[in-house]
Amino acid sequence: MIVKARGIEKSFGTLKVLKGIDFQAEKGEVVSIMGASGAGKSTLLQILGTLSTPDAGSLEIAGTDVLKLGSRALSAFRGKEIGFVFQFHHLLPEFTALENVLIPAYIAGRSEREAKPRALELLATLGLSERVSHKPSELSGGEQQRVAIARALINNPSVLFADEPSGNLDSKTKAELHKLFFQLRDQFGQTIVIVTHDPELAALCDRSLFMRDGMFD
């Protein structure tokens, strides 16, 4: 089991956003989480991705009890084992596609010599071989999001979390991006957890869970 969460609770003031969530994802599984705005989807994803701490519950990722890690150890674990893709790609405008992809590898202490072949492989897999030296302003929205996906995968994470990854794209580009998630699963055995409002994407996933009022239906 790559992700195993039990009894996750989270409140903001008097508002209880998550009410004892259980969640798990196996290696190579693509799971979507759907629900209306305010249901708690993004809050859950932030907790699963170790960006936020639950008020109660347990969380294991790749066999590690992440809630017992200190801040420095957790940061190092997150950089190595967890990848993130958001609706807005957050690429650094002054760097090329290749340089953007390499940044998390450098942060993790890897050399360019070690990381560059992996970066080029990912960019090729994502159809960007001809765009490696282009800066974000020279790329389409779909291309920028694919660079963001390559960046998220550069350190071979155990799990990729995606929060509305196609929410900012036109329908054709969105369909292409959806196919890419499953290509990554098939080629690299990547576990992917996706928060989405898109029923077409959810229908493609191995499992689709629906959140309502801080619980799964």
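Everything discussed here concerns the structure shown above.
Values in this document were obtained by computation on a predicted structure and should not be read as measured data.

A. Inspection of the sheet that holds strand 4 (residues 56-61) at higher detail. Strand order in this open sheet of four strands is 2-1-4-5, and the pairing throughout is antiparallel. For this open sheet the edge positions go to strand 2 (15-25) and strand 5 (64-65), each flanked by a neighbour on one side alone.

B. How the structure looks around the pattern of salt bridges. Scanning all chains against the criterion turns up 10 salt bridges. Note that Arg-118 is salt-bridged to Glu-121, the shortest N-O span being 3.7 Å. Taken together, the positions of Arg-118 and Glu-121, both in helix 4 (residues 112-125) and three residues apart, correspond to about one turn of that helix. Given a relative accessible area of 12%, Arg-118 falls into the buried group. Looking at Glu-121, the relative accessible area reads 36%, which means it is partly exposed. Linking Glu-143 and Arg-131 is a salt bridge whose minimum nitrogen-to-oxygen distance equals 3.3 Å. Residue Glu-143 is located in helix 5 (residues 141-153), and its partner Arg-131 is located in the loop between helix 4 and helix 5; the two are separated by 12 residues in the primary sequence. A relative accessible area of 15% means that Glu-143 is categorised as buried. Take Arg-131: its relative accessible area is 24%, and that puts it in the partly exposed class. Salt bridges here are not isolated pairs; linked through shared partners, they connect Arg-185, Asp-186 and Asp-206.

C. Seen up close, the nonpolar core. Residues Val-147, Ile-149, Phe-181 and Ile-194 are the most contacted members of the largest nonpolar core, which totals 33 residues. For this core, the secondary structure elements donating two or more residues are helix 3 (97-107), helix 4, helix 5, strand 7 (159-163), helix 6 (171-188) and strand 8 (191-195). In terms of residues, this core owes the most to one element, helix 5, which gives six residues. For Ile-149, the contacting residues outside a window of four places in its chain are Val-85, Leu-126, Leu-177, Phe-181 and Leu-184. Membership of the second largest hydrophobic core comes to 30 residues, among which are Leu-18, Ile-21, Phe-23 and Ile-33.

D. Main features of unusual backbone geometry. Its identity as a non-glycine residue notwithstanding, Asn-156 has a phi of 55°, on the positive side. By the secondary structure assignment, Asn-156 is in the loop between helix 5 and strand 7. With a phi close to 55°, Asp-213 is a non-glycine residue in the positive phi region. Mapping Asp-213 onto the fold places it in the loop between strand 9 (207-212) and strand 10 (215-216). Owing to a relative accessible area of 56%, Asp-213 belongs among the exposed residues under this scheme.

Criteria and cut-off values
- Residues numbered from 1 in each chain as written.
- Predicted model: local features only at pLDDT ≥ 70, side-chain atom pairs only at ≥ 80, totals over all residues.
- Heavy atoms only, no water.
- Pairing = 2+ DSSP bridges.
- Helix = DSSP H or I, 4+ residues; strand = E, 2+ residues; numbered from the N terminus.
- Salt bridge = Lys/Arg side-chain N within 4 Å of Asp/Glu carboxyl O.
- Buried < 20%, exposed > 50% of the residue type's maximum accessible area, 1.4 Å probe, protein only.
- Core = buried A, V, L, I, M, F, W, Y, C linked by side-chain atoms within 4.5 Å.
- Contact = heavy atoms within 4.5 Å.

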